[in-house]
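Examination of the molecular architecture
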Amino acid sequence: MQYLIYLLAYPVIWVISMLPFRLLYLFSDFVYIVVYRIVRYRKSTVRENLALTLPHLSDKERLIIEKKFYHHLCDMFLEMIKTMTISKEEICKRFVFKNIEVYKELEKQGKSVTVICSHYGSYEWIISMNYHSDFTAYGIYKQLKNPYFDKLVHKIRSKFNAKLITTKQTIPTIIDNNKNNVLSLYGFASDQSPKENTAFHYVKFMGIEVPVHTGAEMLAKRYNMNVVYLNTKKVKRGHYEATLETLSENAIEVPNYEITDQFIKRLEEQIYEAPEYYLWTHKRWKFRK
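With that settled, the discussion passes to the overall build of the protein. Secondary structure assignment for the protein yields 10 helices and 9 strands. The globule rule puts the C-alpha radius of gyration for 289 residues at 19 Å, and the 19 Å found for the protein is close to it. Principal axes of the C-alpha set define a box for the protein whose edges measure 50 × 45 × 40 Å. Of all intrachain contacts in the protein linking residues separated by at least 6 positions in sequence, the fraction that spans at least 24 positions is 79%. Approximately 14,700 Å² of the protein is accessible, and the part contributed by carbon and sulfur atoms is 56%. Mean positive and mean negative side-chain charge positions of the protein (42 and 30 charges, respectively) differ by 7 Å.

Written out as structure tokens, the structure reads:
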């Protein structure tokens, strides 16, 4: 059944990926109507999250953010599909790293690099950073249930010189690379909610105390990696800019959880600036204190 679903869906996905951007976004406007007004995809979750984190805004103001978010969500989903056929030149024109020299300077230190990012803006196109890296690049992701779509995702990512590893594969991969002196770039999306029974560090995020992932920081400490925060901004439809900020060049000397707390603080500032570009459909605050 999974293979049948893949066979039926793949031709449609491929055709969408071949659309020029102008038509892609016209199609996205139609998808928005279906997702937001007909299917009402996770609308209750989005409204709850916005009410929890932006109580200072009126219902009307939050509704505007809600609608903008769903427009962005549909754009981002189709941009992810477009990644199948997009050229290196096109994606580098649409996702620009404003200060990639910050990362290049860290590479010269001869240590692996941990890049902490979030589900904000175009987190799918962040992978184009690998075009600027001389290190072996790894993206940590959650494996898809359908093995055929999972294989497709791996194939797409290989275009960008990236290797995908699951959370279970992360530590063995880092240990092996460290043992064999393979300098690497590891990308962590660290803003989602950990399982409650594995959470041991809480921090105020958007005014609400919640558990946070600390794996990126702990691994950086354990294996002496530099740590960078990646801040993405949406300039206009289909165009993004990313800024890199060094969080630590000597993680082992930084007090525990300080790097994680810095990440959460910067993400919070980013969301307050333009909340419509954060992924509100996830139940990020479900384990709040």
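Inspection of the entire model under this criterion finds 21 aromatic pairs. Here phenylalanine 21 and tryptophan 125 contribute two aromatic rings whose centre-to-centre distance is 6.3 Å and whose plane-to-plane angle is 85°, an arrangement assigned as edge-to-face. Taken together, the residues phenylalanine 21 in helix H2 (residues 21-39) and tryptophan 125 in the loop between strand S2 (113-117) and strand S3 (136-141) connect sequence positions 104 residues apart. As far as burial versus exposure is concerned, phenylalanine 21 and tryptophan 125 are alike and both buried. Pairing tyrosine 229 with phenylalanine 263 gives two aromatic rings, centres 5.8 Å apart and planes at 65°, and the pair type is edge-to-face. With tyrosine 229 in strand S8 (residues 226-236) and phenylalanine 263 in helix H10 (residues 258-273), this residue pair connects regions lying 34 residues apart in the sequence. Phenylalanine 263 carries the same exposure label as tyrosine 229, and that label is buried. Taken together through their ring pairs, the aromatic side chains of Phe21, Tyr25, Phe95, Phe97, Trp125 and Tyr240 make up a single cluster. Lying over the aromatic face of phenylalanine 21, lysine 82 brings its terminal NZ or CZ to 5.3 Å of the ring centre.

Turning our eyes to something else, we now look at the nonpolar core. Grouped together as the largest cluster of nonpolar side chains are 84 residues, with contacts concentrated most on Phe205, Leu230 and Trp280. With 8 residues, the top contributor of residues to this core is helix H4 (residues 59-82). Not counting residues within four places of it along the chain, the set of residues in contact with phenylalanine 205 comprises Val210, Ile264, Leu267, Glu268, Ile271, Tyr278, Arg284 and Trp285.

Here we come to the layout of surface pockets. Here the second largest pocket defines a volume of roughly 150 Å³. Contributing to the lining of the second largest pocket are 13 residues, with Lys111, Ser112, Asn178, Leu183 and Tyr223 lying nearest its centre. Among the elements that take part in the lining of the second largest pocket, helix H8 (residues 167-179) stands out by supplying 3 residues, more than any other. For the lining of the second largest pocket, the per-class residue count stands at 6 nonpolar, 6 polar and 1 charged.

What follows concerns a positive patch on the surface. A surface patch of positive charge is lined by Arg42, Lys142, Lys145, Lys168, Lys195, Lys283 and Lys286. On the secondary structure map, lysine 286 appears in the segment after H10.

Structurally, tyrosine 6 is set in helix H1 (residues 2-17). In this structure, the C-alpha to C-alpha distance between tyrosine 6 and valine 113, residues 107 residues apart in sequence, is 35 Å. Excluding anything up to four places from it in sequence, tyrosine 6 contacts Tyr148, Phe149 and Leu152.

Right, let's talk about H2 for a bit. Those residues of H2 that sit buried are Phe21, Leu24, Tyr25, Ser28, Val31, Tyr32, Val35 and Tyr36. Contacts from the buried residues of H2 go to H1, helix H3 (43-53), H4 and helix H5 (88-94). Looking one or two residues past H2, arginine 40 carries a phi angle of roughly 60°, positive in sign.

The next subject is the sheet that holds S2. Pairing is mixed in the open sheet, where 7 strands are placed in the order S1-S9-S8-S2-S5-S3-S4. Of all the strands in the sheet, just strand S1 (95-97) and strand S4 (162-166) have a single pairing partner and so form its edges. Averaged over all neighbouring strand pairs, the angle between strand axes comes to 30°, with direction disregarded. As judged from the 4 bridges shared by S3 and strand S5 (residues 184-189), these two strands associate in the parallel manner. Each bridged residue has a counterpart across the sheet, and for alanine 137 the counterpart in S5 is leucine 185. Along the sheet face, helix H9 (residues 215-222) touches S2, S5 and S8 and points at about 170° away from the line of S2.

Our focus in this paragraph is the packing of H2 against H4. Where H2 contacts H4, the two axes come as close as 9 Å, and the packing angle between them is 130°. It follows that H2 is oblique to H4 by the angle criterion. The two elements H2 and H4 meet at a crossing, and its hand is right-handed. Contacts between H2 and H4 involve Phe21, Leu24, Tyr25, Phe27, Ser28, Asp29, Val31, Tyr32, Val35, Tyr36 and Arg37 from the first element and Leu63, Glu66, Lys67, Tyr70, His71, Cys74, Asp75, Leu78, Glu79 and Lys82 from the second. Considering only residue class, the contact of H2 with H4 consists of 12 nonpolar, 2 polar and 7 charged.

Calculation notes
- Residues numbered from 1 in each chain as written.
- Predicted model: local features only at pLDDT ≥ 70, side-chain atom pairs only at ≥ 80, totals over all residues.
- Heavy atoms only, no water.
- Helix = DSSP H or I, 4+ residues; strand = E, 2+ residues; numbered from the N terminus.
- Rg over C-alpha atoms; globule rule 2.2 N^0.38 Å.
- Contact = heavy atoms within 4.5 Å.
- Areas by Shrake-Rupley, 256 points an atom, 1.4 Å probe, with all protein chains shown as cover.
- Lys, Arg positive; Asp, Glu negative; His and termini not counted.
- Charge placed at Lys NZ, Arg CZ, Asp CG, Glu CD.
- Phe/Tyr/Trp six-rings, centres within 6.5 Å; stacked < 30°, edge-to-face > 60°.
- Buried < 20%, exposed > 50% of the residue type's maximum accessible area, 1.4 Å probe, protein only.
- Lys NZ or Arg CZ within 6 Å of the ring centre and 35° of its normal.
- Core = buried A, V, L, I, M, F, W, Y, C linked by side-chain atoms within 4.5 Å.
- 1 Å grid on protein atoms, 1.4 Å probe; cavity = no way out; pocket = protein on both sides within 12 Å on 5 of 7 lines; lining within 4 Å.
- Points joined across faces, edges and corners; volume = space filled by probe spheres on them.
- Nonpolar A, V, L, I, M, F, W, Y, C, P; charged D, E, K, R; others polar.
- Patch = residues over 30% accessible without salt bridge, like charges linked within 9 Å, V, L, I, M, F, W, Y side chains within 5 Å.
- Salt bridge = Lys/Arg side-chain N within 4 Å of Asp/Glu carboxyl O.
- Pairing = 2+ DSSP bridges.
- Axes fitted to C-alpha atoms, helices over the stretch in contact; angles between N-to-C directions.
- Parallel < 35°, antiparallel > 145°, perpendicular 65-115°, else oblique.
- Left-handed = near helix turned anticlockwise from the far one by under 90°.

Spatial relationships are all this shows, so hold off on functional conclusions.
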